[in-house]
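Descriptive structure summary
Listed here are the chains, written in short residue letters.
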Amino acid sequence: MHSSQNAKSTPLKITLKCFFGFENILAEELYELGYTQCEQLNRAVQISGSWDDVYKLNLFCRCAISILVEIDQFFIQSEEDLYKRSLQIKWHEIFDVNKTFAVKGAIFSPIFKNTHYPFLLVKDAIVDTFNKRFNQRPNIDVKTPNVLFDLYIKDKQVTISVNTSGLPLFQRGYRSSVGAAPLNEVVAACLVRMSGWDRKQTFVDPFCGSGTILIEAALLAAGIPSNIERQHYAFKNLKNYNAKCWEDIYQGATRIVRQLPCNIIGGDISDEMVLKARRNLRKFSFGRLVEISSTSFDQLKMEPPVFILTNPPYDQRLAANILDLYGQLGTWLKHKMAPSSVCIISSSREGFNAIGLKASAKHLVYNGDIECEFRKYELFEGKKDLN
Ligand SMILES: C[S@@+](CC[C@H](N)C(=O)[O-])C[C@H]1O[C@@H](n2cnc3c(N)ncnc32)[C@H](O)[C@@H]1O
């Protein structure tokens, strides 16, 4: 594994993992970043590239959860084959004995009765390789390893990769304050892209909570990488880490803007949530440019047309009567917000029904383990949008 690329080096197989249903959104983002050749897999997109690309993607890609680089791929007939083939990998060329490591991943193979066992076999192969060569072994740290390997077995095919991100990329480093039901940052970035917002129209989140959607929208509009505040990247712990290359990429990224290309407006009925959103926004140069009011959605001051993307409460912890709230939201949208585009993510099917508007698009999405729906509505003046 070499970080300085030249024309002759073999391209790396890079796998960007994503959440269910966002494969085409990630592929679209990659296309925009200049990666025009990509293959969509289940919860992942694959491209080929260099270590420079791996560094860039960890910083610039908003819609991926982690970025893997393939180390080896082979076929096995038995459990023992996995150990033997793993012993042939030059682990000592990938990381130093003083770094901690872990092996995680997914196993879909009848060869293994116990799905934990393959991880143990690869771990043993790594430890035995170091012991044999240096009479010393690296320690395992399952929670916060310096170096993380990904093991994926589908029937007889084994793929071993190094996870160059380490902690998932939704740990952006900007959100210190959250409420009871925060939206995952990567999901928020994917929804902003899925919504089709043109990055120019006034953007509004009337149930902004800790401000995740507002921040991801502002970062996108300003061209600032979503991970600009993140310090941790597992690739920094690999033997081939090229600090100069990373610094050039990191320093070259936009981080400060004096203005945003559009208005970005948020609101939340809870004073506490508004304080949290402001605290999170303060990490960015554009923080003060995003207007947030402590108010109910129907009192927000703005003139249509606007672009609304929001995640209203979906359980009793966040609003006393969900159906009333969604009903009032529907009435407000119909009577006060037309003409506008509106996108809503919620896990409350009854809530969506209570809105009483006909959606122009619906997608099944997940916020962590919570099954949600993402619906888009086009509000026209007149009665076109009524059920
Ligand atoms: C699901 S949370 C939003 C989470 C947010 N997307 C985040 O990432 O932190 C819903 C929010 O709606 C707020 N809320 C409840 N009723 C409201 C109302 N009538 N007007 C505005 N906000 C309201 C709650 O205080 C809560 O913060």
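Residues numbered from 1 in each chain as written. Predicted model: local features only at pLDDT ≥ 70, side-chain atom pairs only at ≥ 80, totals over all residues.

A few points about the overall build of the protein
- Helices and strands together make up the secondary structure of the protein, namely 11 helices and 14 strands.
- C-alpha atoms of the protein, sized along the principal axes, occupy 75 × 45 × 40 Å.
- Counting across all 387 residues of the protein, residues that qualify as buried make up 42%.
- Residue pairs at least 24 apart in sequence account for 81% of intrachain contacts in the protein once pairs closer than 6 positions are excluded. (Helix = DSSP H or I, 4+ residues; strand = E, 2+ residues; numbered from the N terminus. Buried ≥ 20, exposed ≤ 12 C-beta atoms within 10 Å, placed from the backbone. Contact = placed C-beta atoms within 7 Å.)

Regarding the packing of helix α2 (residues 51-60) against helix α8 (residues 243-252)
- As a packed pair, α2 and α8 sit with axes 10 Å apart at the nearest point and diverge in direction by 40 degrees. With respect to α8, the element α2 is oriented oblique. Crossing geometry of α2 relative to α8 is assigned as right-handed. Where α2 approaches α8, its residues Asp52, Tyr55, Lys56 and Leu59 are matched on the opposing element by Cys245, Trp246, Ile249 and Tyr250.
- A class-by-class count of the residues in the contact of α2 with α8 yields six nonpolar, no polar and two charged. (Axes fitted to C-alpha atoms, helices over the stretch in contact; angles between N-to-C directions. Parallel < 35°, antiparallel > 145°, perpendicular 65-115°, else oblique. Left-handed = near helix turned anticlockwise from the far one by under 90°. Nonpolar A, V, L, I, M, F, W, Y, C, P; charged D, E, K, R; others polar.)

Concerning the pairing of strand β12 (residues 340-346)
- Within β12, seven of the seven residues are buried, which leaves it mostly tucked inside the rest of the structure.
- When strand β11 (residues 307-310) meets β12, the two strands line up parallel, connected through four bridges. Along β12, the bridge assignment pairs Ile308 with Val342.
- Here seven bridges tie β12 to strand β14 (residues 370-379), and the two strands are oriented antiparallel to one another. Bridge pairing links Cys343 to Lys376 in β14. (Pairing = 2+ DSSP bridges.)

Focus on the nonpolar core
- Leu26, Cys63, Val122, Cys190 and Leu191 are the most contacted members of the largest nonpolar core, which has 107 residues in total.
- Residue assignment places this core across two domains, with domain 1 (12-163) and domain 2 (185-225 + 255-379) each supplying three or more.
- Leaving out residues up to four positions away in the same chain, Leu26 has contacts with Leu16, Cys18, Val45, Cys63 and Ala64. (Core = buried A, V, L, I, M, F, W, Y, C linked by C-beta atoms within 7 Å. Domains from an automatic or database assignment.)

Describing the domain arrangement of the protein
- Each assigned domain of the protein is listed here: domain 1 (12-163) and domain 2 (185-225 + 255-379).
- Of note, the centres of domain 1 and domain 2, computed from C-alpha atoms alone, are 35 Å apart.
- Each partner contributes to the interface: domain 1 provides 12 residues, whereas domain 2 provides 13 residues.
- Put simply, the parts of the chain that give the side of domain 1 that touches domain 2 at least two residues each are α1 (23-32) and α2.
- The dominant element in the side of domain 1 that touches domain 2, judged by the number of residues it contributes, is α1, at three residues.

Observations regarding the site of the ligand
- In the vicinity of the ligand, 23 residues are found, and the nearest of them are Leu183, Phe207, Gly209, Ser210 and Thr212.
- Going through the elements one at a time, α7 (212-222) and β9 (264-268) are the ones with two or more residues in the shell around the ligand.
- Among the residues making up the shell around the ligand, the classes are represented as 14 nonpolar, eight polar and one charged. (Near = placed C-beta within 6 Å.)

So, the pairing of strand β4 (residues 66-75)
- Pairing between strand β1 (residues 12-17) and β4: four bridges, direction antiparallel. Bridge pairing links Thr15 to Leu68 in β4.
- The sheet contact formed by β4 and strand β7 (residues 157-163) spans seven bridges and is antiparallel. Looking at β7, one finds that Gln73 is bridged to Thr159.

Here we look at the environment of Val178
- On the secondary structure map, Val178 appears in the loop between β7 and α6 (185-194).
- Those residues in contact with Val178 that sit more than four places away from it in its chain are Ser210 and Lys276.

Here we look at the sheet that holds strand β10 (residues 291-294)
- With mixed pairing, seven strands are arranged side by side in an open sheet as β10-β9-β8-β11-β12-β14-β13. Of all strands in the sheet, those with a lone pairing partner are β10 and β13 (361-367), marking the two edges. Direction aside, neighbouring strands of the sheet carry axes that sit 20 degrees apart on average.
- Bridge analysis of strand β8 (residues 203-205) against β11 gives two bridges, and the strand direction is parallel. Across the sheet, the residue bridging to Val204 is Ile308, located in β11.
- Sheet contacts for α7: β8, β9 and β11; angle to β9, the most-contacted strand, approximately 175 degrees.
- Sitting on the sheet, helix α9 (residues 271-281) touches β9 and β10, and the angle it makes with β10 is about 160 degrees.

Thoughts on the sheet that holds β1
- With mixed pairing, seven strands are arranged side by side in an open sheet as β2-β3-β1-β4-β7-β6-β5. Looking along the sheet, the strands with just one partner apiece sit at the ends: β2 (39-41) and β5 (101-108). Between one strand axis and the next, the sheet turns by 30 degrees as a mean value, whatever way the strands run.
- The pairing of strand β6 (residues 147-154) with β7 spans seven bridges and is classified as antiparallel. Among the inter-strand pairings, Ile153 is bridged to a residue of β7, identified as Val158.
- Strands β1, β3 (44-49) and β4 of the sheet are contacted by α2, whose axis makes an angle of about 15 degrees with β1.

Re helix α10 (residues 322-337)
- Taken together, the buried positions of α10 are Leu325, Tyr326, Leu329, Gly330, Leu333 and Met337. Considered in projection along α10, the buried side chains sweep an arc of 140 degrees and stay on one side of the axis. Facing away from the buried side of α10 by over 90 degrees, the exposed positions are Asp324 and His335.
- On its buried face, α10 is in contact with β12, α11 (349-355) and β14. (Arc of directions from axis to C-beta.)

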